[in-house]
Amino acid sequence: ELVKKIIKEADALLNQITSANPYDRETVFKRSEEYLKNDNWQVRNIGVKLLGIAGEKKHLPLLVERLSDESEAGFVRRNAAIAIRTIGVAHEDAKKVLILTINDKYWEIRVESVKSLAHLYKNDETILSVIIARYLGKEYNENAGSSWKYKGRERETNFEVKEAIAQAMGNF
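Residues numbered from 1 in each chain as written. Predicted model: local features only at pLDDT ≥ 70, side-chain atom pairs only at ≥ 80, totals over all residues. Heavy atoms only, no water.

Participant: Where do I start with the overall build of the chain in this structure?
Facilitator: On a plain count of helices and strands, the chain comes out with nine helices and two strands. Going from the N terminus to the C terminus, the chain shows its helices and strands as α-α-α-α-α-α-α-α-β-β-α. Here the chain has a C-alpha radius of gyration of 17 Å; the compact-globule value for 172 residues is 16 Å, and the two agree. When the 172 residues of the chain are sorted by exposure, 45% land in the buried category. A fraction of 60% describes how many contacts in the chain between residues 6 or more apart in sequence connect residues 24 or more apart. Accessible surface computed for the chain: about 9500 Å², of which carbon and sulfur atoms make up 48%. Taking the average place of the 28 positive charges on the side chains of the chain and the average place of its 26 negative ones, the gap between the two points comes to 2 Å. (Helix = DSSP H or I, 4+ residues; strand = E, 2+ residues; numbered from the N terminus. Rg over C-alpha atoms; globule rule 2.2 N^0.38 Å. Buried < 20%, exposed > 50% of the residue type's maximum accessible area, 1.4 Å probe, protein only. Contact = heavy atoms within 4.5 Å. Areas by Shrake-Rupley, 256 points an atom, 1.4 Å probe, with all protein chains shown as cover. Lys, Arg positive; Asp, Glu negative; His and termini not counted. Charge placed at Lys NZ, Arg CZ, Asp CG, Glu CD.)

Participant: What am I meant to see in the packing of helix α7 (residues 107–120) against helix α9 (residues 159–168) here?
Facilitator: Where α7 meets α9, the axes come as close as 9 Å, and the angle between the chain directions of the two elements is 5°. Considering their axes alone, α7 and α9 lie roughly parallel with respect to each other. Here Trp107, Arg110, Val111, Val114, Lys115 and Ala118 of α7 lie close against α9, whose contacting residues are Glu160, Val161, Ala164, Ile165, Gln167 and Ala168. Along the lines of polarity and charge, the residues of the contact of α7 with α9 split into eight nonpolar, one polar and three charged. (Axes fitted to C-alpha atoms, helices over the stretch in contact; angles between N-to-C directions. Parallel < 35°, antiparallel > 145°, perpendicular 65-115°, else oblique. Nonpolar A, V, L, I, M, F, W, Y, C, P; charged D, E, K, R; others polar.)

Participant: Please explain helix α8 (residues 125–136) as it appears in this structure.
Facilitator: Since the α-helix packs 3.6 residues into each turn, any two residues three or four apart lie on the same face. With 12 residues, α8 should cover 16 Å at 1.5 Å per step; its first-to-last C-alpha distance of 16 Å lies within 8% of that length. A distance of 2.9 Å separates the backbone nitrogen of Thr126 from a side-chain oxygen at the start of α8, and that oxygen is part of Asp124. With its phi angle positive at about 85°, Gly137 sits one or two positions after the end of α8. (Expected span 1.5 Å × (residues − 1). Polar contact = N/O pair within 3.5 Å; in protein donor to acceptor, adjacent residues only side chain to side chain.)

Participant: Help me understand the side chain of Glu112, please; the structure alone is not making it clear to me.
Facilitator: Among the secondary structure elements, Glu112 is positioned in helix α7. Glu112 has contacts with Arg78, Ala81, Ile82 and Arg85, leaving out every residue within four places of it along the chain.

Participant: Explain the environment of His119 here, please?
Facilitator: Inspection of the secondary structure puts His119 in helix α7. On a C-alpha basis, the gap between His119 and Val130 in space is 14 Å, while along the polypeptide they are 11 residues apart. In this structure His119 touches Arg85 and Asn171, once residues within four positions along its chain are discounted.

Structure (structure tokens):
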């Protein structure tokens with residue numbers, strides 16, 4: 001019952017900040033941070049979405065934490081990648097986790113990681129190499145410069161991920 005009440009409150013906040021009406025940003029930030037600590041993935045997901053709409057650079061570590069937590073629900077992780085992109089600020093920890101999640105087992109996380117990397121790190125040769133490596137089934141070896149090191153990974157087979165990769169190429 002408490003979870004339903006929290007979800008209803010969170011949905012109301014989400015509707016409030018997506019409308020043209022003014023809202024108290026600090027209250028939204030406070031609630032979002034509380035939601036991210038909740039045991040229910042649906043509540044955490046709303047917290048991530050709230051930060052994606054109203055969040056600032058200072059919230060990126062919270063979103064990076066959600067995205068990098070492999071025990072987190074896939075929906076929450078996917079939406080964390082979207083929120084990072086929506087905030088629109090390059091951040092070193094975000095870059096690292098987005099590079100890791102480009103190879104996630106969940107295709108929707110791969111899609112959003114590709115989109116976020118392409119959006120936030122335009123013309124970054126390392127990011128281009130990582131994205132190409134995802135498509136080709138090879139892994140970029142940062143220590144070897146721009147050379148490729150085959151890791152035995154299969155080529156990307158998911159259509160949505162391939163589409164995101166093709167769209168991302170326009171940013172490099």
